[in-house]
Amino acid sequence: MVKVLAVLYKGGQHAKDEPRMYGCLENELGLREWLESHGHTYVTTDSKEGADSVLDREIVDAEIVITTPFHPGYITRERIEKAKNLKLLVTAGVGSDHIDLSAANERKITVAEVTGSNVTSVAEHVVMTILALVRNFVPAHEQIISNQWDVAAAAKNSFDLEGKVVATIGSGRIGQRVLKRLVAFDPKELLYFDYQPLSPEVEKELHARRVESLEELVSQADVVTVNCPLHESTYGLVNKDLLAKFKKGAWLVNTARGAICVKEDVAAALQSGHLRGYGGDVWFPQPAPANHPWRDMRNPYGGGNAMTPHISGTSIDAQVRYAQGTKNIIETYLKGTKDYRPQDLIVIDGRYATRAYGADKTTK
């Protein structure tokens, strides 16, 4: 019999309103009845900060730990070192950068996530955010709820997506879906930057052209969207030096990971007008502190901010998928067969099982 620990966010009344909101503390990924019926112990919490957190107390003898990107319990080297029974780390969702993967490898702890569970959800959020920025939706909406009516104020910073150059940093499952959805808007060109090219057939289907230099990519794009994992080579990738290469007045969208962008540099670029807009739903740390500059930054026209809490990958449809995927991963572990879905594995048996992470990864 094993002990399973899950770090989830509080849902409160919302969890009662929508029982399929599996990713919250109250609905527990739908795992409690199944686990306890097989004699396992299941501990769930949202307490993850500080030495006296429930996460720190309970991880000591936990064999399986479940975390999410939406309320990440940061599984540091220190936490891994004191978790003597730890064998499996599961991300309920996609993105395991909140885990010290090197430490997990050294201990031969398996790290898995539910690959593909929310790629459609995130891609849709990216397109929505692009449109919200380009059409200057947020300031226009704010007029209405504050009982104003000033068409000129909103229209002076509103544009069409048609005819624009849109570029993605990263062309994996999400990046490709973003490009596919953007074709319908008849952009001038779709560009992508990645360490490996897409096949000629996929490039043709997506109407996409690979640019080998990141600096060249951003210098050509009216809209840049970040769709790559966070690892050593992408941490702080979008900084003041790269932002200086952007077209003046470009829009930037990031639904990947907050730490890929240097928060102060993005805020400064938006406030100066070099960036016309920045939007997304990822922050570092999460939850974002009240004084995080992305909460209230604005461009010189008073708009350009399309930030949301981390919701792109946790739509109700996505939660149903990643809850089932989490159960499948744990079920495989308990059977001892190790026949996980290959795409779900991040590290196993002391090695990286994916090219998406690792110290040898490079984007240039």
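Residues numbered from 1 in each chain as written. Predicted model: local features only at pLDDT ≥ 70, side-chain atom pairs only at ≥ 80, totals over all residues. Heavy atoms only, no water.

### Considerations on the sheet that holds strand S6 (residues 165–169)
Rule in force here: Criterion used throughout: strands pair if DSSP finds at least two bridges between them. By definition, any uninterrupted DSSP run of H or I lasting at least four residues is a helix, any uninterrupted run of E lasting at least two residues is a strand, and each is numbered from the N terminus. For helices, the fitted line uses only the C-alpha atoms of the stretch in contact; every axis is such a line through C-alpha atoms, and the angle between N-to-C directions lies from 0 to 180 degrees. The contact definition used throughout considers only heavy atoms, calling two residues in contact when any of these lie within 4.5 Å.
Taken together, seven strands build an open sheet; the order of strands is S8-S7-S6-S9-S10-S11-S12 and the sheet is parallel. The open sheet is flanked by strand S8 (208–210) and strand S12 (305–307), the only strands paired with a single partner. Adjacent strand axes in the sheet meet at a mean angle of 20°, parallel and antiparallel pairs treated alike. When strand S11 (residues 275–280) meets S12, the two strands line up parallel, connected through three bridges. Its bridge partner lying in S12, Gly279 is registered against Ala306. Relative to the sheet, helix H6 (residues 119–134) contacts strand S9 (223–226), strand S10 (250–254), S11 and S12, its axis offset from that of S10 by approximately 150°.

### Thoughts on the UniProt feature "domain: D-isomer specific 2-hydroxyacid dehydrogenase catalytic" (unreviewed entry) in the protein chain
Using the following cut-off: UniProt positions are given in the numbering used here, feature names are shortened, and annotations may be inferred rather than shown by experiment.
Look at the UniProt record and you will see "domain: D-isomer specific 2-hydroxyacid dehydrogenase catalytic" (unreviewed entry) annotated at residues 35–336. Overall, residues 35–336 shows 36% helix and 16% strand. The separation of its end C-alpha atoms is 16 Å.

### A closer look at unusual backbone geometry
A cis amide bond, omega -5°, links Phe284 with the succeeding residue Pro285. Position of Pro285 among the secondary structure elements: in the loop between S11 and S12. Residue Pro287 is bonded to the preceding Gln286 through a cis peptide linkage, with omega at -5°. Note on placement: Pro287 falls in the loop between S11 and S12.

### Structural notes on the nonpolar core
Put simply, the test is: Put simply, buried Ala, Val, Leu, Ile, Met, Phe, Trp, Tyr and Cys residues joined by side-chain atoms within 4.5 Å make one nonpolar core. Relative accessibility thresholds used throughout: buried, under 20% of the residue-type maximum; exposed, over 50%; partly exposed, between the two (1.4 Å probe, protein chains only).
With 36 residues, the main nonpolar core has Ile169, Leu217, Phe246 and Leu252 as its most contacted residues. At the level of elements, S6, strand S7 (189–193), helix H11 (214–220), S9, helix H12 (240–243), S10, helix H13 (263–272) and S11 are the ones that each hand at least two residues to this core. Ignoring anything within four residues of it in the chain, the contact list for Ile169 reads Phe193, Leu214, Leu217, Val224, Thr225, Val226, Asn227, Cys228 and Leu237. Core analysis: the next-biggest nonpolar cluster, separate from the first, contains 30 residues, Met21, Leu25, Phe70 and Val90 among them.

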